[in-house]
Amino acid sequence: AQSVAQPEDQVNVAEGNPLTVKCTYSVSGNPYLFWYVQYPNRGLQFLLKYITGDNLVKGSYGFEAEFNKSQTSFHLKKPSALVSDSALYFCAVRDRNTGKLIFGQGTTLQVKP
Amino acid sequence: GAGVSQTPSNKVTEKGKYVELRCDPISGHTALYWYRQSLGQGPEFLIYFQGTGAADDSGLPNDRFFAVRPEGSVSTLKIQRTERGDSAVYLCASSLTGLGGETQYFGPGTRLLVL
């Protein structure tokens with residue numbers, strides 16, 4: 001069965017410091033991987049995705065993610081965190097047969113001034 | 001352009017009542033998805049439409065849940081005999097064709113509370 005794991009419920013960083021939000025996946029074959037962000041009482045906003053090609057994917061708001069096939073990971077990164085980045089982040093893998101997204105449990109990012 | 005819209009934004013109902021939740025996808029998107037997000041959890045898949053037909057309804061929890069998309073655009077999720085456990089945020093998403101690594105774009109959700 002395909003699955004996604006986000007091992008950290010919460011990540012705390014100081015503004016200006018680099019941030020990493022971790023994600024590992026389990027799929028058969030090559031994965032389609034996504035990161036979404038959710039602000040309070042809002043829907044999910046797409047950040048970036050990995051389909052194929054370059055392992056380093058750049059997305060919205062200065063975020064990037066590195067696909068690592070050997071470690072089955074797709075960690076979300078940003079070189080310099082902003083207080084406004086504080087939100088709930090979800091990693092997801094797309095089921096190749098049905099197209100549905102399988103989400104992780106989410107990681108709350110708290111950026112402190 | 002306009003994104004995915006969902007109505008109502010909030011719905012409060014009593015146990016045993018019937019509710020309908022509406023999703024209006026991005027214009028021209030043939031693929032439409034419904035997900036349910038419980039408090040503190042990631043979204044969980046309910047059903048996927050390709051055009052007017054349900055291509056995958058494996059996520060519907062039981063026969064109280066039903067969804068339609070009669071003209072291949074707007075979709076309605078219907079819940080009969082609601083239970084307190086149905087309380088959640090119901091999210092709708094759409095993508096252009098449903099193929100490959102397309103991005104699914106989400107609406108703001110409908111927060112359902114069953115008393």
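Preceding block: the structure.
Here the structure is a predicted model, which means the values were calculated and not measured. Just so you know, the residues in each chain are numbered from 1, in the order the chain's sequence is written. For this description, chains carry letters from A and ligands carry numbers from 1, given in the order in which they are written. The predicted nature of this model means local features are confined to residues of pLDDT at least 70 and side-chain atom pairs, given and counted, to a pLDDT of 80 or more, with totals for whole chains, interfaces and linings taken over all residues. The basis for every side-chain value is the complete set of non-hydrogen atoms in the structure, without hydrogens or water.

Engineer: How would you sum up the interface of chain A and chain B? Please name residues and give values.
Structural biologist: It is common to report an interface's size as the accessible area lost on association of the parts. By definition in these notes, contact holds between two residues if any of their heavy atoms fall within 4.5 Å. Across the contact, 20 residues belong to chain A and 23 residues belong to chain B. Counting each side, the surface lost to burial between chain A and chain B is near 1600 Å², with a carbon and sulfur contribution of 47%. Note: buried area is the sum, over both parts, of the accessible area (probe 1.4 Å) each one loses when the two are combined. Contact with chain B buries area across many residues of chain A, yet Leu-44, Arg-94 and Lys-100 of chain A alone supply 28% of it, more than any other trio. What makes a salt bridge here is a side-chain nitrogen of Lys or Arg within 4 Å of a carboxyl oxygen of Asp or Glu, nothing more. For the pair chain A and chain B, the number of links is zero salt bridges.

Engineer: Which residues make up the nonpolar core, and what values go with them?
Structural biologist: Grouping buried Ala, Val, Leu, Ile, Met, Phe, Trp, Tyr and Cys residues that are joined through side-chain atoms within 4.5 Å yields what is termed a nonpolar core. For every residue, the accessible area (1.4 Å probe, protein chains only) is compared with the maximum for its type, and the residue is labelled buried under 20%, exposed over 50%, or partly exposed between those bounds. One finds Trp-35, Leu-47, Leu-48, Phe-74, Leu-76 and Tyr-89 of chain A to be the most contacted residues of the largest nonpolar core, which totals 27 residues. When residues of this core are traced back to their parent elements, those giving at least two are strand E2 (10–14), strand E3 (19–21), strand E5 (33–38), strand E6 (44–50), strand E8 (64–68), strand E9 (73–78), strand E10 (87–94) and strand E12 (107–112) of chain A. Helix and strand labels come from DSSP, where a helix needs a run of H or I of at least four residues and a strand needs a run of E of at least two; each type is numbered from the N terminus. A per-element tally of this core places E10 of chain A first, with four residues. Among the nonpolar cores identified, the runner-up in size contains 20 residues, and Cys-23, Leu-60, Phe-65 and Ile-79 of chain B belong to it.

Engineer: Just give me the short version of the pattern of salt bridges, but keep the residues and values in it.
Structural biologist: On inspection of all chains with the given rule, the structure shows six salt bridges over all chains. The closest approach of N and O atoms between Asp-85 of chain A and Lys-78 of chain A, which form a salt bridge, is 2.8 Å. Several salt bridges converge on common partners, so that one network encompasses Arg-64, Glu-83 and Asp-86 of chain B.

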